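Commentary on secondary and tertiary structure
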Amino acid sequence: MMSENKNNESLATAQPKRLSTIDFLSRSLAFLVLLFLIYAAITSPDNIHATDFSGSIYIAGSMVKDGKASELYLEPSATTSPFNDYAHKQLPHMPQCARTIFLYPPLVAFATQPLSCLSPHAAYIFWQMLSIFALLLSCVFIASTIKQRWNTYFCMSLLYAPIFQHFFAGQLDLVFVLLPLSAGYFMLMKGHPFAGGLAWSLIFLKPQFLPVVLLLIAYQLMTKHWINIIGFIIGMVGLLLGNIFCLGPSICQNWISSLMQGAILEDYLYTKGSYMVSSWPMAVLERLPADHKAVLQIAVYLLVMIIAIHALFICKQLAKGADNKNKIVVPFVLGIFVLPMVSRHLLFYDLSVLVIGGMLIFGSPIFNANKKLIRDLVATWLFIDLYLIVFGFNNIKNIASPILITILIWFYIRLVLEVQRIIKELKPVK
């Protein structure tokens, strides 16, 4: 009996050591990734001319500063892009074959004018530091709501392939998407729903992520939490007015018109069959035959609408139970993972938003009790990492994107089944 107790004690003491070793290895690898990103940003001043940040955000701020705001967006009947021409003049090391475009709201171009006072290299380094800080804050916000360690979440996030590509490309998701989403959720869970709604309204700056917040607001409407909704509406109105008045209503109208030109997404942002396409609507739309595209795309949008309505129906079922603020984690996670099902424009680095959903599934008691769900989430995360390694450097057209989207659809279905189980458990006993 004494020997058995000693064996149990040795196992109990061995387990934390094993966990700490894994934690140490993951943090060490994450630190190396961070060092590599910083080193690449500092030592490659010419290469940053080909990044999304330099070719889009930096150039937009420069055009506004130089009084060329009227040329920010592509005209419907234009055969050339003044924005693209200006980018090649300002960034001489940008590849001649590269075509760049600006699709963000006018307010973004107006607000980034100060960055254009710096050199492209200095502005890029500043943006990278800001993005790292935004990721760190996002991890702190999410971790504090579920009483987890933010540093573990931060390190694991750096090992997630879409976030790595996000940093490498100088994208905007960490600042414009992850930070507002996590800050809004933090504010709501800490008893500040109005501030949470204001934070969520910032997603308007990257409209393809609006389905996440709209699902949350719909759930708040079903549960009659008006203060959060009022904060979101006021924030949206403020952003809308800011877009109209910062550069004028005509430029705001040009922005809306450019968004309606679906073909420019294919022509300017990526080649057909690119491995970066990460939503099934875009993957299908780019493969439709040109002769029947106008008709067939109606069926695509109809299916997108059905998926969105189904997500709303799930939220309605959840809202029928007892009022519990902790339940909002369910529509939050559901809204994040439904993005590849309903968003028209979602690229590989945009999947960085899934890291918030992953944090909440790992840390929230509502989700993490199901170890099979955790296993499937880890498998999906590892596949996404492996996907970048396999297809990011060996692009097999017309195969890569469907494989990724199939995995994303599979996990979303898996998540929906789990949410339906949760709803049954939370349903009050009569």
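It should be emphasised that the depicted structure is a prediction, and the values quoted were computed from it without experimental measurement.

**A look at the overall build of the protein**
What the protein contains, in helices and strands, is 21 helices and 0 strands. The buried share among the 430 residues of the protein stands at 52%. Summarising the internal contacts of the protein: among those between residues at least 6 apart in sequence, 76% fall at separations of at least 24. When the accessible surface of the protein is split by element, carbon and sulfur atoms take 69% of a total near 20200 Å².

**A short note on unusual backbone geometry**
Even without being glycine, Lys147 reaches a positive phi, approximately 55°. On the basis of relative accessible area, Lys147 is assigned to the exposed category, the value being 78%. In this structure, Lys224 takes a positive phi of about 60° despite not being glycine. Topologically, Lys224 is positioned in the loop between helix H10 (210-222) and helix H11 (226-247). According to the relative accessible area criterion, Lys224 is exposed, its value standing at 60%.

**Some thoughts on the packing of aromatic side chains**
Applying the stated criterion across every chain, the model contains 18 aromatic pairs. Consider the rings of Phe164 and Phe168, whose centres lie 6.1 Å apart with planes at 15°: the pair is stacked. Note that Phe164 and Phe168 are positioned in helix H7 (residues 161-169) at a spacing of 4 residues, about one turn of the helix. On the basis of relative accessible area, Phe164 is assigned to the partly exposed category, the value being 26%. Look at Phe168 and you get partly exposed, because its relative accessible area is 45%. Ring centres of Tyr387 and Phe391 lie 5.0 Å apart, and the angle between their planes is 45°; this geometry places the pair in the tilted category.

**What about helix H15 (residues 293-319)?**
Relative to the 39 Å expected for 27 residues at 1.5 Å per residue, H15 spans 39 Å between its end C-alpha atoms, a close match to the ideal helical length. Taken residue by residue, H15 has Val300, Val304, Ile307, Ala311, Ile314, Cys315, Leu318 and Ala319 as its buried positions. At its buried positions, H15 is contacted by H10, helix H14 (280-285), helix H16 (329-337), helix H17 (339-342) and helix H21 (400-426).

**Some thoughts on the packing of H10 against H16**
Close contact between H10 and H16 brings their axes to 8 Å; oriented N to C, the two are set at 150°. Taken together, the axes of H10 and H16 lie roughly antiparallel to each other. Here H10 runs over H16; the crossing is right-handed. Judged by residue contacts, Val212, Leu215, Leu216 and Tyr219 of H10 engage Pro331, Phe332, Leu334, Gly335 and Ile336 from H16.

**A few points about the side chain of Ser182**
You can see Ser182 is positioned in helix H8 (residues 173-189). Note on Ser182: relative accessible area 0%, which makes it buried. Aside from chain neighbours lying at most four places away, what touches Ser182 is Ser138, Phe141, Ile142 and Ile356.

**Looking at the packing of H15 against H21**
Packing of H15 against H21 brings their axes to within 10 Å, and their N-to-C directions diverge by 20°. One element, H15, and the other, H21, form an angle in the roughly parallel class. Taken as a pair, H15 and H21 cross one another with a handedness that is left-handed. Contact residues: H15 offers His310, Ala311, Ile314, Gln317 and Leu318, while H21 offers Tyr412, Val416, Val419, Gln420, Ile423 and Leu426. Of the residues in the contact of H15 with H21, the class split is 8 nonpolar, 3 polar and no charged.

**Description of H10**
With 13 residues, H10 ought to run about 18 Å at 1.5 Å a step, and its terminal C-alpha atoms sit 18 Å apart, in line with that. Leu210, Val212, Val213, Leu215, Leu216, Ile217, Ala218, Tyr219 and Gln220 are the residues of H10 that are buried. Tucked inside the fold, the buried residues of H10 contact H8, helix H9 (193-201), H11, H15, H16 and H17. Directly after H10, the chain includes Lys224, whose backbone phi takes a positive value near 60°.

**Points about the side chain of Thr112**
For Thr112, the position within the fold is in the loop between helix H4 (106-111) and helix H5 (120-145). We classify Thr112 as buried; its relative accessible area is 8%. In terms of polar contacts, Thr112 uses its side chain to reach the backbone carbonyl oxygen of Val108, at 2.8 Å. Dropping the residues within four chain positions of it, Thr112 is found in contact with Ile57 and Gly61.

Each value, and the rule that gives it
Residues numbered from 1 in each chain as written. Predicted model: local features only at pLDDT ≥ 70, side-chain atom pairs only at ≥ 80, totals over all residues. Heavy atoms only, no water. Helix = DSSP H or I, 4+ residues; strand = E, 2+ residues; numbered from the N terminus. Buried < 20%, exposed > 50% of the residue type's maximum accessible area, 1.4 Å probe, protein only. Contact = heavy atoms within 4.5 Å. Areas by Shrake-Rupley, 256 points an atom, 1.4 Å probe, with all protein chains shown as cover. Phe/Tyr/Trp six-rings, centres within 6.5 Å; stacked < 30°, edge-to-face > 60°. Expected span 1.5 Å × (residues − 1). Axes fitted to C-alpha atoms, helices over the stretch in contact; angles between N-to-C directions. Parallel < 35°, antiparallel > 145°, perpendicular 65-115°, else oblique. Left-handed = near helix turned anticlockwise from the far one by under 90°. Nonpolar A, V, L, I, M, F, W, Y, C, P; charged D, E, K, R; others polar. Polar contact = N/O pair within 3.5 Å; in protein donor to acceptor, adjacent residues only side chain to side chain.

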